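Here's the letter readout for the chains.
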Amino acid sequence: MPKKLVIKVTAGADSAERCSQAFTVAAVAVASGVEVSLWLTGESSWFALPGRAAEFELPHAAPLPDLIESIQAGGRITLCTQCAARRDITEQDVLEGVRIAGAQVFVSEIMADGVQALVY
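Residues numbered from 1 in each chain as written. Predicted model: local features only at pLDDT ≥ 70, side-chain atom pairs only at ≥ 80, totals over all residues. Heavy atoms only, no water.

With an unreviewed UniProt entry as reference, the protein is termed DsrE family protein, source organism Streptomyces sanglieri.

Here's what the structure looks like:
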């Protein structure tokens, strides 16, 4: 099993099942003891803001706020720099514990030894 899992989620409410799958896989990986780095890009960027995850609904899926809490308990959530800028999201706007970082950080994470990267 990889030592670290990096997940980039590009979907938000526009593709609810794909979005939910990314957060679910990240939360299950954290619960399994895997080091997880979840990247919010595209429409998923909105979930870096307080209250936005509570607005997300998908039948038969775990609530997004619960998944985010699980991920943050043992992993890291990062908001893409460009995605944040396009949405006028600043570091002062995001949930506690969410960092904003760019492609250079993403590439360094996925190129490390023992890393598995997934994109949703």
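Anyway, onward from the coordinates.
## Examining the sheet that holds strand β4 (residues 99-101)
What counts here: Strands pair, by our definition, only if DSSP identifies at least two bridges between them. Secondary structure elements follow DSSP: runs of H or I of four or more residues count as helices, runs of E of two or more count as strands, with numbering from the N terminus. Lines fitted to C-alpha atoms define the axes, with helix axes restricted to the stretch in contact, and inter-axis angles between N-to-C directions lie between 0 and 180 degrees. Residue contacts are counted whenever heavy atoms from the two residues lie within 4.5 Å of one another.
If you walk across this open sheet you meet the five strands as β4-β3-β2-β1-β5, and the pairing is parallel. Looking at which strands have only one partner, the edges of the open sheet turn out to be β4 and β5 (115-119). Each adjacent strand pair in this sheet contributes to an overall mean axis angle of 25°, direction not counted. In the sheet, strand β3 (residues 76-80) pairs with β4 via three bridges, with the strands oriented parallel. The residue of β4 that forms the bridge with T78 is R99. In the packing of helix α4 (residues 103-110) onto the sheet, the strands contacted are β1 (4-9), β2 (35-40), β4 and β5, and the crossing angle to β1 comes to about 140°.

## A few points about the packing of aromatic side chains
Filter applied, for reference: Only Phe, Tyr and Trp rings take part, Trp by its six-membered ring, and two of them pair if their centres are within 6.5 Å. Stacked means planes under 30 degrees apart, edge-to-face means over 60, and tilted covers everything else. Using a 1.4 Å probe on the protein chains alone, a residue whose accessible area is under 20% of its type maximum counts as buried, one over 50% counts as exposed, and one in between counts as partly exposed. Whether a charge lies above a ring is judged from NZ of Lys or CZ of Arg, which has to be within 6 Å of the ring centre and within 35 degrees of the ring normal.
The final tally for this structure, using the stated rule, is three aromatic pairs. With 6.1 Å between their ring centres and 85° between their planes, F23 and F47 make a pair best called edge-to-face. Residue F23 is located in helix α1 (residues 16-31), and its partner F47 is located in the loop between β2 and α2 (64-74); the two are separated by 24 residues in the primary sequence. Across the pair, F47 and F23 agree in class, each one buried. A centroid spacing of 5.6 Å and a plane angle of 85° characterise the contact between F47 and F56, whose relative ring orientation is edge-to-face. Take F47 and F56: they sit in the same class, and that class is buried. Here a set of aromatic residues connected by ring pairs shows up, and it is made of F23, F47 and F56. Of note, K8 hangs over the ring of F106, and the distance from its end group to the ring centre comes to 4.4 Å.

## As for the nonpolar core
Soluble globular proteins tend to pack their nonpolar side chains together in the buried interior. What counts is decided by this rule: Among buried residues, those of type Ala, Val, Leu, Ile, Met, Phe, Trp, Tyr and Cys that are joined through side-chain atoms within 4.5 Å constitute a nonpolar core.
Membership of the largest hydrophobic core comes to 32 residues, with the highest contact counts inside it found for F23, L38, L40, F47, L64 and L79. Counting residues per element, the ones that place at least two in this core are β1, α1, β2, α2 and β3. If you tally residues by element for this core, the top one is α1, at eight residues. The residues contacting L40, other than those within four sequence positions of it, are V9, F23, S45, F47, A48, I77, T78, L79 and C80. Counting residues in hydrophobic clusters, the runner-up holds five residues, among them V6, W39, A101 and F106.

## Re α1
Which entries qualify depends on this criterion: Helices are assigned an expected span. That span is 1.5 Å times one less than the residue count.
With 16 residues, α1 extends 22 Å between its outermost C-alpha atoms, agreeing within 8% with the 22 Å of an ideal straight helix rising 1.5 Å per residue. Here α1 has its buried residues at A16, C19, S20, A22, F23, A26, A27, A29 and V30. Tucked into the core, α1 has its buried residues touching β1, β2 and α2. G33, located one to two residues past α1, shows a positive phi value of around 90°.

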